[in-house]
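Close look at the chain arrangement
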Amino acid sequence: MTMDYYESDLPPAGVAEGESLTVEQAIANLHSQDYSLRYYAAWWIGRFRVKESAAIAALIAALQEESEQTKIGDYSLLRNAARALGKLGEKQALPALIRCLECADYYVREAAAQALEMLGDRDSIGPLMKLLEGGSVRAVRVPGKSHLVQPYDSVIEALGTLQATEAIPLISPFLEHSVERVQYAAARAMYQLTGERVYGERLVSALKGDNLQLRRSALMDLGAIGYLPGAQAISETLAENSIKLIALKGVLEHHLNQQESLSLSDDAIRVMDLMDSLL
């Protein structure tokens, strides 16, 4: 999980969370000469899932432009536009988001990979796989930066969600990467692509780690894959109950989606009881 569970819906830095807009104002602001207004409007439209055609067109246009801000290295509008289009589930944004995978900015590439995962279109599998070329050997940190050369965890998670079984040979080496979050992303994807319990158990083991942020990541990954055998361990993890509830909700929903009967199974009741114990 590349982003903490609450971060994607937080307002941009320096903007009050309660600052209100109307849909009309937000769309108008996307065309403003004031970059900060456009930046906030893109976030606001994604946060409140505004599916107006004018808003979508403006967000796609923002991904394709080179403004004075991007020329000096400020890609914040592109990042917010990519994230918003992912939340809106707009398939017409697919070509623009795929192009963003080649952007010079790491965080735009990360946002694009996450958005493509949300869109769920298999046409994005090939471009995402290209970012894994060279394998874990090339997956090193950028000198002077805190991140790797590519957003490997987001790319791998997207490929898992997209059921890209053809990417298994590219993903499996990342199980041994030196960065734990990349390992977790690989385990998550490998479970989704193979159904083999060993990968789910790797995430369960990560719940016992010393680092809270990593435990949070493992929790969210277990929820994302709906790993039922990990339900008890999720409930006992040293982390906030709110995050454990989100993870258990994912497990429960995945289990219910697999059931043909409308009646609750013993496993479903057990997960619900675990959730009740955290309230």
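This structure is a prediction, so every number in the text was calculated from the model and none was measured.

**Some words on helix α7 (residues 106-119)**
For α7, which comprises 14 residues, the first-to-last C-alpha distance of 20 Å matches the rise-based estimate of 20 Å (1.5 Å per residue) to within 8%. Among the 14 residues that make up α7, 12 are buried, leaving the element largely enclosed by the rest of the structure. Measuring from the backbone nitrogen of Tyr-107 back to the side-chain oxygen at the start of α7 gives 3.1 Å, which picks out Asp-105 as the cap. Gly-120 sits one or two positions beyond α7 and adopts a positive phi of about 70 degrees.

**Describing the pattern of salt bridges**
The final tally for this structure, using the stated rule, is 11 salt bridges. Here Glu-157 and Arg-188 are joined by a salt bridge, their closest N and O atoms 3.8 Å apart. In this pair, Glu-157 sits in helix α9 (residues 152-161) while Arg-188 sits in helix α11 (residues 180-194), placing the two residues 31 residues apart along the sequence. Assigned by exposure class, Glu-157 and Arg-188 land together as buried. Measuring nitrogen to oxygen at the nearest pair gives 3.6 Å for the salt bridge that ties Arg-202 to Glu-176. Here Glu-176 lies in the loop between α10 (168-171) and α11 and Arg-202 lies in helix α12 (residues 197-206), a separation of 26 residues in the sequence. Taken together, the shared-partner salt bridges connect Glu-117, Glu-157, Arg-188 and Asp-221 into one network.

**What about the nonpolar core?**
In terms of nonpolar packing, the biggest core is built from 97 residues, with Ile-45, Leu-59, Leu-97, Leu-128, Leu-159 and Ile-171 touching the most fellow members. With 9 residues, α11 is the single largest residue contributor to this core. Here Ile-45 is in contact with Ala-26, Leu-30, Val-50, Ala-55, Leu-59 and Leu-88, once residues within four sequence places are set aside.

**Focus: the packing of aromatic side chains**
What describes a pair of aromatic rings is the distance from one ring centre to the other and the angle between the planes of the rings. Tallying each qualifying case throughout the model produces 5 aromatic pairs. Between the NZ or CZ atom of Arg-47 and the centre of the ring of Phe-48, over which it lies, the distance is 5.0 Å.

**Digging into the state of the cysteines**
Evaluation of the coordinates by the stated rule reveals 0 disulfides. With no disulfide of its own, Cys-100 lies 6.2 Å from the sulfur of Cys-103, the closest cysteine sulfur. Taking relative accessible area as the criterion, Cys-103 reaches 14% and is therefore assigned buried.

Conventions adopted
Residues numbered from 1 in each chain as written. Predicted model: local features only at pLDDT ≥ 70, side-chain atom pairs only at ≥ 80, totals over all residues. Heavy atoms only, no water. Helix = DSSP H or I, 4+ residues; strand = E, 2+ residues; numbered from the N terminus. Expected span 1.5 Å × (residues − 1). Buried < 20%, exposed > 50% of the residue type's maximum accessible area, 1.4 Å probe, protein only. Polar contact = N/O pair within 3.5 Å; in protein donor to acceptor, adjacent residues only side chain to side chain. Salt bridge = Lys/Arg side-chain N within 4 Å of Asp/Glu carboxyl O. Core = buried A, V, L, I, M, F, W, Y, C linked by side-chain atoms within 4.5 Å. Contact = heavy atoms within 4.5 Å. Phe/Tyr/Trp six-rings, centres within 6.5 Å; stacked < 30°, edge-to-face > 60°. Lys NZ or Arg CZ within 6 Å of the ring centre and 35° of its normal. Disulfide = S-S within 2.5 Å.

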